[in-house]
Amino acid sequence: MMDELYREVVLDHHRSPRGASALDNFDVQASGKNPSCGDEVTLQVRFDADTIAAVGVLSRGCAISTASGSMMAEVIEGLTVDQAQEVADRFKAVMHGGEFPVDVDLGDLEALEGVKQFPVRIKCALLPWVTLLDAMLAHHQGREPDTISTEGLRDDAEPMNVTLEDRR
Ligand code: ZN
């Protein structure tokens with residue numbers, strides 16, 4: 001089981017996280033925490049109109065949370081906000097037991113699919129993504145992002161239901 005959870009690609013992202021440098025300038029900075037594991041992430045995003053031009057993912061936490069943030073940095077740079085939301089939604093669906101999508105490129109996130117067998121770790125994998133969703137929403141609304149906490153979010157079919165739609 002641990003072999004599956006900590007696959008080599010996950011460890012590689014954990015040891016050498018992509019997008020882990022602070023940005024010189026950014027449009028929005030958001031932070032999230034996962035108290036059940038102690039994971040924290042600070043996320044910086046610079047937009048070019050509606051496109052994510054650059055992202056800084058500053059993680060402190062377990063291998064799953066830092067790897068997920070690293071994979072997120074790789075996948076979302078260059079995407080539009082809508083495309084990034086689509087990726088986030090699809091990844092959340094996988095974590096909640098869905099099949100891995102074949103029509104959306106989730107990059108190395110495939111390596112995290114085994115996490116869905118470990119409900120307590122799903123929040124680790126989703127932390128950077130729910131933080132991203134609130135960062136994009138806050139930018140859209142012209143407000144400061146909330147500090148996102150996974151605490152109180154449920155482990156069942158509808159946890160972390162942070163989407164651009166339902167909070168708009
Ligand atoms: Zn964790």
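Thresholds, definitions, all that
- Residues numbered from 1 in each chain as written.
- Predicted model: local features only at pLDDT ≥ 70, side-chain atom pairs only at ≥ 80, totals over all residues.
- Helix = DSSP H or I, 4+ residues; strand = E, 2+ residues; numbered from the N terminus.
- Buried ≥ 20, exposed ≤ 12 C-beta atoms within 10 Å, placed from the backbone.
- Contact = placed C-beta atoms within 7 Å.
- Expected span 1.5 Å × (residues − 1).
- Axes fitted to C-alpha atoms, helices over the stretch in contact; angles between N-to-C directions.
- Parallel < 35°, antiparallel > 145°, perpendicular 65-115°, else oblique.
- Left-handed = near helix turned anticlockwise from the far one by under 90°.
- Nonpolar A, V, L, I, M, F, W, Y, C, P; charged D, E, K, R; others polar.

A. Representation of the overall build of the protein within the structure. When its secondary structure is counted, the protein shows 5 helices and 4 strands. N-terminal to C-terminal, the α/β element order of the protein is α-α-β-β-β-α-α-α-β. Put simply, the protein has 168 residues, and 41% of those count as buried. Taking contacts inside the protein between residues at least 6 apart in sequence as the whole, the part at least 24 apart equals 65%.

B. Main features of helix α4 (residues 81-95). Relative to the 21 Å expected for 15 residues at 1.5 Å per residue, α4 spans 21 Å between its end C-alpha atoms, a close match to the ideal helical length. The complete set of buried residues in α4 reads V81, A84, Q85, V87, A88, F91, K92, V94 and M95. Along its buried surface, α4 packs onto β3 (51-60), α3 (63-76) and α5 (119-141).

C. Fine view of the packing of α4 against α5. Here α4 crosses α5 at 155°, and the two axes come no closer than 10 Å. As summarised for this structure, α4 and α5 are arranged roughly antiparallel, according to the angle between their axes. As for the relative orientation of α4 and α5, their crossing is left-handed in sense. In this structure, α4 contributes V81, A84, Q85, A88, F91, K92 and M95 to the contact, and α5 contributes I122, A125, L126, W129, L132, L133 and M136. For the contact of α4 with α5, a count of residues per class yields 12 nonpolar, 1 polar and 1 charged.

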